[in-house]
Amino acid sequence: MVADLKKLPEGVNLSPFAVRVFQVMARYTAFPWPILLAQCKRCNLDPGSLTPAQAPAVIPHLAAGVGRFTSPEKQQGVQNDLEALLR
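Note that the structure is predicted; figures quoted are calculated from it, not measured.

## A short note on the pattern of salt bridges
So, step 1. Counted under the stated rule, the structure contains one salt bridge.
So, step 2. Here Asp 81 ties to Arg 27 by a salt bridge, and the two come within 3.0 Å at their closest N and O atoms. Taken together, the residues span a long stretch of sequence, with Asp 81 in helix α4 (residues 72-85) and Arg 27 in helix α1 (residues 16-28) at a distance of 54 residues.

## Section: α1
Quick reminder: α-helices carry 3.6 residues per turn. Residues three or four places apart thus point the same way.
So, step 1. For α1, the full list of buried residues reads Phe 17, Ala 18, Val 21, Phe 22, Val 24, Met 25, Ala 26 and Tyr 28.
So, step 2. Buried residues in α1 make contact with α2 (32-42), α3 (55-69) and α4.

## Concerning unusual backbone geometry
Trans is the prevailing form of peptide bonds, just as negative phi is the prevailing case for residues other than glycine.
So, step 1. Of note in this structure, Asn 44 is not a glycine but carries a positive phi near 55 degrees.
So, step 2. Mapped onto the fold, Asn 44 is located in the loop between α2 and α3.

## Examining the side chain of Ser 71
So, step 1. Relative to the helices and strands, Ser 71 is located in the loop between α3 and α4.
So, step 2. Separated by 3.1 Å, the side chain of Ser 71 and the backbone nitrogen of Lys 74 make a polar contact.

## Things to note about the nonpolar core
So, step 1. Of all hydrophobic cores here, the largest spans 23 residues; its most connected members are Val 21, Met 25, Leu 36, Leu 50, Leu 62, Val 78 and Leu 82.
So, step 2. If you list the elements that add at least two residues to this core, you get α1, α2, α3 and α4.
So, step 3. By residue number, the principal contributor to this core is α1, which donates seven residues.
So, step 4. Setting aside residues up to four positions removed in sequence, Leu 36 forms contacts with Val 21, Phe 22, Met 25, Pro 47 and Leu 62.

## Brief notes about α3
So, step 1. Taking 1.5 Å of rise per residue, 15 residues should cover 21 Å, and α3 covers 21 Å from first to last C-alpha, within 8% of that figure.
So, step 2. Inspection of α3 places Ala 55, Val 58, Ile 59, Leu 62, Ala 63, Gly 65, Val 66 and Gly 67 among the buried residues, and these make up the whole buried set.
So, step 3. Those residues of α3 hidden inside the fold are in contact with α1, α2 and α4.

## As for the environment of Lys 74
So, step 1. Mapping Lys 74 onto the fold places it in helix α4.
So, step 2. Note: C-alpha distance between Lys 74 and Asp 4 (70 residues apart in sequence) is 21 Å.
So, step 3. Not counting the four nearest positions on each side in its chain, Lys 74 is found in contact with Tyr 28 and Val 66.

Reading the values: rules and limits
- Residues numbered from 1 in each chain as written.
- Predicted model: local features only at pLDDT ≥ 70, side-chain atom pairs only at ≥ 80, totals over all residues.
- Heavy atoms only, no water.
- Salt bridge = Lys/Arg side-chain N within 4 Å of Asp/Glu carboxyl O.
- Helix = DSSP H or I, 4+ residues; strand = E, 2+ residues; numbered from the N terminus.
- Buried < 20%, exposed > 50% of the residue type's maximum accessible area, 1.4 Å probe, protein only.
- Contact = heavy atoms within 4.5 Å.
- Polar contact = N/O pair within 3.5 Å; in protein donor to acceptor, adjacent residues only side chain to side chain.
- Core = buried A, V, L, I, M, F, W, Y, C linked by side-chain atoms within 4.5 Å.
- Expected span 1.5 Å × (residues − 1).

Here's what the structure looks like:
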């Protein structure tokens, strides 16, 4: 059976802010968790406990990760929506 890629894997728990980041990503890509996980690791961050203070370091990487698999428009949408979470 194929897992629903827009859902978190079983046993993964996210902080409230990380949930909001995941939800933004899920609006733009079918692979929100793999991209969030890979790009947070790239920045030496724990995706499960991502905070607003840490987000500026990873937002460009998250947006680029989505853009690689979708379109420049979706990349910009992720960038804009994630930055809006910080306001």
